[in-house]
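Fold and geometry: a report
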Amino acid sequence: MHRSLWWIFFCLAAVHICGPSFAVVVVHAWSHPSLTTATTTITTTTFRRHFLSAVTATSMTTTGTSSTSLNQASSSSSSSTTEAAMTTTSTDSSSSSSSLSWRQRLSKVFRRRRATERTREELKLGIAGFYDRSSKLWETVWGEHMHHGYYVPPDRTDHQQAQVDLIDQVLLWGNVTTNSDNEITSIVDVGCGIGGSSRHLARKFADTCHTVHGITLSPYQAQRATELTKQQQLHDICHFQVADALQMPFANNSFDLVWSLESGEHMPDKPQFVSELFRVCRPGGRILLVTWTHRDLLLPSNETSSSSLTASELRLLDRINRAYYLPKWCSGQDYVQWLQKIGGATDVKREDWSYIIAPFWKAVIRSSLNLKSMWGLLRSGPSTIRGAYAMFLMLRGYQQGLIKFDLLTCTKPLEYNDQGINI
């Protein structure tokens, strides 16, 4: 049952990711005679064979001259391979050659979709729309916290509590406690979601904190955060609004704690993002930044390392970007340099917690393996379906060591210049 549901889900997600031409491919594949008989068992191999065949047939009728060019290229290299690619009863050896040709055609379709990076305005609109449509489903399944969980021990299954524990453990790691020397009287939550972290912080520092401001690009999130805050009787302390983290609507030196939990990856101008974090932080205040990054790029002098991401790594990140409306990624080391150069911080602390949050994506995937969740995905629209499909890509990125879960913190220097420090 689960396998059949996931095939349907995969097809729908792929249609939305790859465009209308892919819908024709799926219809061709599923309408193949061998898949429409009552006695046929639909296996991965069966569907893939007819799916690739459908890609070939569809690309010939929908891509015009590009398909002709591919056929000519294939013909010039080997006429026998071309004949094998157009015949479903080919031998094993010719099937292997034709399969390569089909994959090349499919890859070209995908590359056309990923050819151009989104502009800053497109990213803003895309992020707002994505969270407007997906936040309700997430809250239904996972509750008010829209971030990873703290999985120590790694086999824990109380996922919502793991998310709360992540907040507490990050605060402890950053030496931000109720017993710290510097009192926390005001907090800004940059990328607040539906306010889960903001409300938790307000309760945690209730003895000293008189205001918590949360900002998000999503009108739905800001409205829902306000509703939940009123229900929990924290509306006198917590306030939410739609705002851009690259141009925060706050005065200089406004907050003792600047908190950003898994929003930095959405910032198209990350140095400007860091500059804004410092600007709104009070001198001597604490910045706590938790964000997705890619692996560090070591110096070329180290012959055992690479000074850039590989082509396959870039392709994987690009596919994630398309689904989650992310701009170009950076490394944790990049953030360390920006915190030091832009903010003049001398006490930057950084740690990779990828191993601590490792079970999270598998848990999210498992939580979607039911009819209620899948129906919710379909009702949420194409962008949410793309995001669900990208869960597998995120899991792969973590398993490959490409994606990191970086924690960074520092204090704002007392002598900080509000104009910032140019790199």
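Residues numbered from 1 in each chain as written. Predicted model: local features only at pLDDT ≥ 70, side-chain atom pairs only at ≥ 80, totals over all residues. Heavy atoms only, no water.

Section: the packing of helix α8 (residues 120-142) against helix α17 (residues 382-399)
Where α8 meets α17, the axes come as close as 8 Å, and the angle between the chain directions of the two elements is 70°. Considering their axes alone, α8 and α17 lie roughly perpendicular with respect to each other. As for how α8 packs across α17, the hand of that crossing is right-handed. Here Phe 130, Arg 133, Ser 134 and Leu 137 of α8 lie close against α17, whose contacting residues are Ser 383, Thr 384 and Gly 387. Looking at side-chain class alone, the contact of α8 with α17 contains two nonpolar, four polar and one charged residues. (Axes fitted to C-alpha atoms, helices over the stretch in contact; angles between N-to-C directions. Helix = DSSP H or I, 4+ residues; strand = E, 2+ residues; numbered from the N terminus. Parallel < 35°, antiparallel > 145°, perpendicular 65-115°, else oblique. Left-handed = near helix turned anticlockwise from the far one by under 90°. Contact = heavy atoms within 4.5 Å. Nonpolar A, V, L, I, M, F, W, Y, C, P; charged D, E, K, R; others polar.)

Notes on the sheet that holds strand β5 (residues 281-294)
One open sheet holds the seven strands; their spatial order is β3-β2-β1-β4-β5-β7-β6, and the pairing between them is mixed. The sheet is open, and its two borders are formed by β3 (238-242) and β6 (349-352), each paired with just one other strand. On average, adjacent strands in this sheet sit at an angle of 15° to one another, irrespective of strand direction. In terms of strand pairing, strand β2 (residues 211-216) meets β3 through five bridges, oriented parallel. If you follow Val 212 over to β3, its bridge partner there is Cys 238. Relative to the sheet, helix α11 (residues 219-231) contacts β2 and β3, its axis offset from that of β3 by approximately 165°. (Pairing = 2+ DSSP bridges.)

Observations concerning the confidence of the model for the protein
In the predicted model, the protein carries a mean pLDDT of 79, and the fraction of residues at 70 or more is 69%. Under a pLDDT of 50 for its full length, residues 1-6 has, in the predicted model, nine contacts with residues more than four places off or in other chains. Confidence over residues 54-98 falls short of pLDDT 50; this stretch has 38 contacts with residues more than four positions distant or in other chains. (pLDDT = per-residue confidence, 0-100.)

Points about α8
Where α8 bends most, at Ser 134, the angle is about 40°. Within α8 the residues assigned to the buried category are Leu 123, Gly 126, Ile 127, Ala 128, Gly 129, Phe 130, Ser 134, Ser 135, Leu 137, Glu 139 and Trp 142. The inward-facing, buried residues of α8 abut α9 (159-173), α11, α13 (311-324), α15 (360-367), α16 (371-380) and α17. In the segment just after α8, Gly 143 is the residue with positive phi, at about 95°. (Bend = angle between axes of the 7 residues up to and from the residue. Buried < 20%, exposed > 50% of the residue type's maximum accessible area, 1.4 Å probe, protein only.)

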